[in-house]
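# Tertiary structure, described
Each chain, letter by letter, is given below.
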Amino acid sequence: TEHASWRGWAERQPEILRRALWAIGRCAAHVSVGTALRDEMKEMADCDARLHVIPCGVDSAVFTLAPPDVEKDPSQILFVGAVRPVKGLDVLLRAVAILTRQGRQEKLVVIGDSFFSAYVKAHRHAQGLVRELGLEERVTFLAGMDQKDVARVMQQSAVLVSPSRREALGMVLVEALACGTPVVATQSGGPADIVTPEVGRLVPVENPEALAEAIAQDERREEARRGL
């Protein structure tokens, strides 16, 4: 089963690619978590009949609709994920800066732990970008949260944003939708399986202007629904 794109490392490590293709050619079935990832495998390996898509599941006992006493904050944007370049947090921060210049009141909550040294570096870079963009009062970084805590913040947020440059599936999108929270994501692969006009919007990668517009429109729908 495959959970991550091969693009990038496959060109740098041809010997590993050769062994991976050998394994795919001899397996009874190869499972990808998303359609885009399956299509990527199809490009690299000549074994269409053995390629299947089975998305990851969500724990519905944790990620569920909020109880009646929990209200959404119409100005709260949420990012959940490891803070590393491929997740595109820098693009989202620039989108928040655009919304701020437009006079809107969005604030961003970032939930993400830094497990590896490269992630720590990316986390520090994101914090530096917050200062550079003058968003200190608009962005909050949280860490060390368990799934129940993450679900609670999802329930309280107006929209969850996945600004990834590349994404095999996008589990946080499914989790947010299970919590009744609309989503905005990039056209980065996996989100195309999840995000429809009924639940959110898809925008091009590396485009903070499009991301800002999509966030504003989703929040306007939430404000209209709540009669604000």
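Up top is the structure these notes are about.
Here's what I pulled together on the structure shown here. (Residues numbered from 1 in each chain as written. Predicted model: local features only at pLDDT ≥ 70, side-chain atom pairs only at ≥ 80, totals over all residues. Heavy atoms only, no water.)

With that settled, the discussion passes to the pairing of strand S7 (residues 183-186). Here S7 shows a buried face lined by Val 183 and Ala 185 and a second buried face lined by Val 184 and Thr 186. Pairing analysis gives 3 bridges linking strand S6 (residues 157-162) to S7, with the strands arranged parallel. Bridging across to S7, Val 161 finds its partner in Val 184. For S7 and strand S8 (residues 200-203), the ladder comprises 4 bridges, and the chain directions are parallel. Looking across to S8, one finds that Thr 186 is bridged to Val 203. (Buried < 20%, exposed > 50% of the residue type's maximum accessible area, 1.4 Å probe, protein only. Helix = DSSP H or I, 4+ residues; strand = E, 2+ residues; numbered from the N terminus. Pairing = 2+ DSSP bridges.)

With that settled, consider the pattern of salt bridges. All told, the structure shown has 11 salt bridges when counted by the stated rule. With a closest N to O distance of 2.8 Å, Asp 73 and Lys 107 form a salt bridge. Placement of Asp 73 in strand S3 (residues 73-80) and of Lys 107 in strand S4 (residues 107-111) is noted, with a sequence separation of 34 residues between them. The partly exposed category is assigned to Lys 107, whose relative accessible area is 33%. Taking the shortest distance from any N to any O, the salt bridge between Asp 90 and Arg 165 comes out at 2.7 Å. Taken together, the residues span a long stretch of sequence, with Asp 90 in helix H4 (residues 89-101) and Arg 165 in the loop between S6 and helix H7 (171-178) at a distance of 75 residues. Using a relative accessible area of 23% as the deciding quantity, one classes Asp 90 as partly exposed. Salt bridges sharing partners connect three or more residues here, namely Arg 7, Glu 40 and Glu 43. (Salt bridge = Lys/Arg side-chain N within 4 Å of Asp/Glu carboxyl O.)

Further remarks concern the sheet that holds S7. Note on sheets: strands pair through backbone hydrogen bonds, and any given pair is parallel or antiparallel. Taken together, 6 strands build an open sheet; the order of strands is S5-S4-S3-S6-S7-S8 and the sheet is parallel. Strands at the two margins of the open sheet, each flanked by one partner only, are strand S5 (139-142) and S8. Neighbour-to-neighbour, the strand axes of the sheet open up by a mean angle of 20°, direction not taken into account. Running over the sheet, helix H6 (residues 147-156) touches S3, S4 and S6 and is turned about 140° from S3. In this fold H7 packs onto S3, S6 and S7, with an angle of close to 165° to the strand it touches most, S7. (Axes fitted to C-alpha atoms, helices over the stretch in contact; angles between N-to-C directions. Contact = heavy atoms within 4.5 Å.)

Here the distance between the centres and the angle between the planes together describe a pair of aromatic rings. Per the stated rule, a full pass over the model turns up 2 aromatic pairs. Their ring planes at 55° and their centres at 5.6 Å tell us that Trp 6 and Trp 9 sit as a pair that is tilted. Taken individually, Trp 6 and Trp 9 each receive the classification buried, so the pair is uniform in this respect. (Phe/Tyr/Trp six-rings, centres within 6.5 Å; stacked < 30°, edge-to-face > 60°.)

As a further point, take H7. Inspection of H7 places Val 172, Leu 173, Glu 175 and Ala 176 among the buried residues, and these make up the whole buried set. For H7, the arc enclosing every buried residue in end-on projection is 165°, short of the 170-degree limit, so these residues lie on one face. Buried residues along H7 sit against S3, H6, S6 and S7. Downstream of H7 by one or two residues, Gly 180 has phi in the positive range, about 80°. (Arc of directions from axis to C-beta.)

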